[in-house]
Amino acid sequence: SQQGEEDPQALSIQEGENATMNCSYKTSINNLQWYRQNSGRGLVHLILIRSNEREKHSGRLRVTLDTSKKSSSLLITASRAADTASYFCATDEESGYSTLTFGKGTMLLVSP
Amino acid sequence: GAGVSQSPRYKVAKRGQDVALRCDPISGHVSLFWYQQALGQGPEFLTYFQNEAQLDKSGLPSDRFFAERPEGSVSTLKIQRTQQEDSAVYLCASSFSSSHNEQFFGPGTRLTVL
């Protein structure tokens, strides 16, 4: 079963614009991770935010986490055509063996 | 190697055939995970190894699915008597420790069952 729900399911923007994707989950977590997947390729890890963190930055990426609302957001600033991909949030639950529970993903299209 | 590798990258099987999918994790990584990704969906957990021990196989969809990691490095996911619903991308991931850290994914094996 999938825990996370990404919103929106699809997002189409122009190069240079910002893209925001949201993720909601259901259980208590140890951390939340965002991954990118290009068509036909494997998953690339983008950023990990732990349950005691509220915000994290990595280059053009900004992730927020609100454990009271069980939600996270991923912001990509100054998007590029190369950012076109599917983006998944994955939760690592407090209990268990660090297995990740993924959402269905947001498909981002950045047009030149 | 620099990353997680999987082979074959693509596999076409006739219904009823057995298949074996291989994963080479990053050297020294203790944890190894298998996930199944159906078209248009996110990956779903299948099974987890810590070294050679299979600690969680709760995600395996049926007893036709079997995974092993006998020496704590390379892992094989075997599917017996494949069915059409087994068609998916099978992803392997490894992680340095058993703590809650990032997982590094391989490119996946796309299995098509005819």
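Residues numbered from 1 in each chain as written. Chains lettered and ligands numbered in written order. Predicted model: local features only at pLDDT ≥ 70, side-chain atom pairs only at ≥ 80, totals over all residues. Heavy atoms only, no water.

**Examining the sheet that holds strand 7 (residues 61-66) of chain A**
All names here are of chain A.
Right, so step 1: Read across the open sheet, the 5 strands follow the order 1-3-8-7-6; overall the sheet is antiparallel. On the outer flanks of this sheet lie strand 1 (5-7) and strand 6 (55-58), each paired with one strand and no other. This sheet shows a mean twist of 15° between the axes of neighbouring strands, independent of strand direction.
Right, so step 2: Of the strand pairs in this sheet, strand 1 and strand 3 (residues 19-24) are connected by 3 bridges, and their pairing is antiparallel. Bridged to aspartate 7 within strand 3 is asparagine 22. (Pairing = 2+ DSSP bridges. Helix = DSSP H or I, 4+ residues; strand = E, 2+ residues; numbered from the N terminus. Axes fitted to C-alpha atoms, helices over the stretch in contact; angles between N-to-C directions.)

**So, the confidence of the model for chain A**
Right, so step 1: Summary statistics for chain A give a mean pLDDT of 91 and a share of 95% for residues scoring 70 or more.
Right, so step 2: Ranking the elements of chain A by mean pLDDT puts strand 1 of chain A last with 82 and strand 7 of chain A first with 98. (pLDDT = per-residue confidence, 0-100.)

**Things to note about the interface of chain B and chain A**
Right, so step 1: Opposite the 24 residues of chain B that make contact, chain A presents 26 residues.
Right, so step 2: Here chain B and chain A share an interface that buries about 1,900 Å² over both sides, 50% of which is from carbon and sulfur atoms.
Right, so step 3: The interface formed by chain B and chain A includes 0 salt bridges.
Right, so step 4: Applying the counting rule to chain B against chain A returns 4 residue pairs in polar contact (both at pLDDT 80 or more).
Right, so step 5: Looking at the side of chain B that touches chain A, the elements with two or more residues in it are strand 4 (31-37), strand 5 (44-50) and strand 6 (53-56) of chain B.
Right, so step 6: Taken together, the residues of the side of chain B that touches chain A sort by class into 9 nonpolar, 10 polar and 5 charged. (Contact = heavy atoms within 4.5 Å. Buried area = accessible area lost by both parts, 1.4 Å probe. Salt bridge = Lys/Arg side-chain N within 4 Å of Asp/Glu carboxyl O. Polar contact = N/O pair within 3.5 Å; in protein donor to acceptor, adjacent residues only side chain to side chain. Nonpolar A, V, L, I, M, F, W, Y, C, P; charged D, E, K, R; others polar.)

**Considering the pattern of salt bridges**
All names here are of chain B.
Right, so step 1: With the rule as written, the count across this model stands at 6 salt bridges over all chains.
Right, so step 2: Among the ionic pairs, arginine 64 bridges to aspartate 86, the shortest N-O distance being 2.8 Å. In this pair, arginine 64 is assigned in the loop between strand 6 and strand 7 (65-68) and aspartate 86 in the loop between strand 8 (75-79) and strand 9 (88-95), connecting sequence segments 22 residues apart. Each member of the pair, arginine 64 together with aspartate 86, is buried. (Buried < 20%, exposed > 50% of the residue type's maximum accessible area, 1.4 Å probe, protein only.)

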